[in-house]
Amino acid sequence: MQKIKDLLKKAFTPITIMFIPHSNSRSYRLKVPSVGILISFIFLVIGCIYVFTVTLGALEYNRTKEKLDYYMGQFIELKSSIVTLKETENEFKKLFSLGSKEEILENFDTSDSGSLDLDNLKEQIKVTMETAGEIKDYLSEQRDIYLSTPVGWPVKGYISSPFGKRTHPKTGKRDFHGGIDIAAGPGNPVRATADGIVSFAGWSGNNGNLVVLEH
């Protein structure tokens, strides 16, 4: 109990912060408990992490949107070419439906309107097919990343040992913990939080029954 009292006393020991202006006006003093400064710093770190995460997400969304807009433009160009090809096909059908060579030549429209550059069309189709392949590869890659990114908890329970510096439960020494331990009751179902590959499943000494899933 005495240790707890001493700890609380230190936590609420006020720290004086002085603001001294460059002018001749008087300085300002602010008394803040030690624990208040610690809590403010923790909230500041959490806020910075949140802003950083949101910013990264927005940048990734913008990059994806730009790529999809570019691909959509390619498809619109191809659609225009296909419409022109259809119109030319219909014109040829009308001409070939005429009874004689003379009628075909007399009704053939030699103006530039509706003309079709087949070589150019072939090149556009080739580029668009390559673009379609790029779209599929890009979306496939993004889908794999999305499905292999763990989301949520694998089991209902509580965190018994967090990530980072901690006191080792067996040695009692401070060391770095490279994971998160979640304690749960026996029989609780454990699920994979993302797609992955099972690299190990079996008995693992002090770890007991162990399943290693690599994402």
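Everything below is about the structure printed above this text.
Model, not experiment: these values are computed from the prediction.

(A) Local environment of the overall build of the protein. Secondary structure assignment for the protein yields four helices and eight strands. Start at the N end of the protein and walk to the C end: the helices and strands fall as α-β-β-α-α-α-β-β-β-β-β-β. Here the protein, with 215 residues, has 10% of them falling under the buried criterion. When contacts within the protein are restricted to residue pairs at least 6 apart in sequence, those whose partners lie at least 24 apart make up 39%. A total of about 18100 Å² of accessible surface is found on the protein, and carbon and sulfur atoms cover 62% of it.

(B) Here's a closer look at the side chain of Thr193. Structurally, the position occupied by Thr193 is in the loop between β6 (181-183) and β7 (197-203). When its relative accessible area of 19% is taken as the criterion, Thr193 is described as buried. Beyond its immediate sequence surroundings of up to four residues, Thr193 is in contact with Thr149, Pro150, Val151, Gly152, Trp153, Pro154 and His215.

(C) Summary view of the side chain of Arg166. When you line up the elements, Arg166 lands in strand β4 (residues 164-167). For Arg166, a relative accessible area of 12% translates into the label buried. Once residues lying within four places of it in the same chain are set aside, the contact partners of Arg166 are Ser161, Lys173, Arg174, Asp175, His177 and Asp181.

(D) Region of interest: the packing of aromatic side chains. Taken as a whole and judged by the stated rule, the model has one aromatic pair. Considering the side-chain rings of Phe163 and Phe176, the 5.2 Å spacing of their centres and the 85 degrees angle between planes classify their relative orientation as edge-to-face. Here Phe176 lies in strand β5 (residues 174-177) and Phe163 lies in the loop between β3 (158-161) and β4, a separation of 13 residues in the sequence. Residue Phe163 is classed as exposed on the basis of its relative accessible area, which comes to 52%. Phe176 gets classed as exposed once you look at its relative accessible area, which sits at 53%.

(E) Main features of a nonpolar patch on the surface. A cluster of nonpolar residues, Leu38, Ile39, Phe41, Ile42, Phe43, Leu44, Val45, Ile46 and Ile49, forms a patch on the protein surface that exposes about 880 Å² of accessible area. Considering the arrangement of structural elements, one finds Ile42 in helix α2 (residues 34-96). A relative accessible area of 41% means that Ile42 is categorised as partly exposed.

(F) Looking closely at the pairing of β5. Bridge count for β4 against β5 is four bridges, and the pairing is antiparallel. By the bridge assignment for β5, Arg166 is matched with Asp175. Counted between consecutive antiparallel strands, the loop separating β4 from β5 contains six residues, among which Gly172 sits at a positive phi close to 75 degrees.

Calculation criteria
- Residues numbered from 1 in each chain as written.
- Predicted model: local features only at pLDDT ≥ 70, side-chain atom pairs only at ≥ 80, totals over all residues.
- Heavy atoms only, no water.
- Helix = DSSP H or I, 4+ residues; strand = E, 2+ residues; numbered from the N terminus.
- Buried < 20%, exposed > 50% of the residue type's maximum accessible area, 1.4 Å probe, protein only.
- Contact = heavy atoms within 4.5 Å.
- Areas by Shrake-Rupley, 256 points an atom, 1.4 Å probe, with all protein chains shown as cover.
- Phe/Tyr/Trp six-rings, centres within 6.5 Å; stacked < 30°, edge-to-face > 60°.
- Patch = residues over 30% accessible without salt bridge, like charges linked within 9 Å, V, L, I, M, F, W, Y side chains within 5 Å.
- Salt bridge = Lys/Arg side-chain N within 4 Å of Asp/Glu carboxyl O.
- Pairing = 2+ DSSP bridges.

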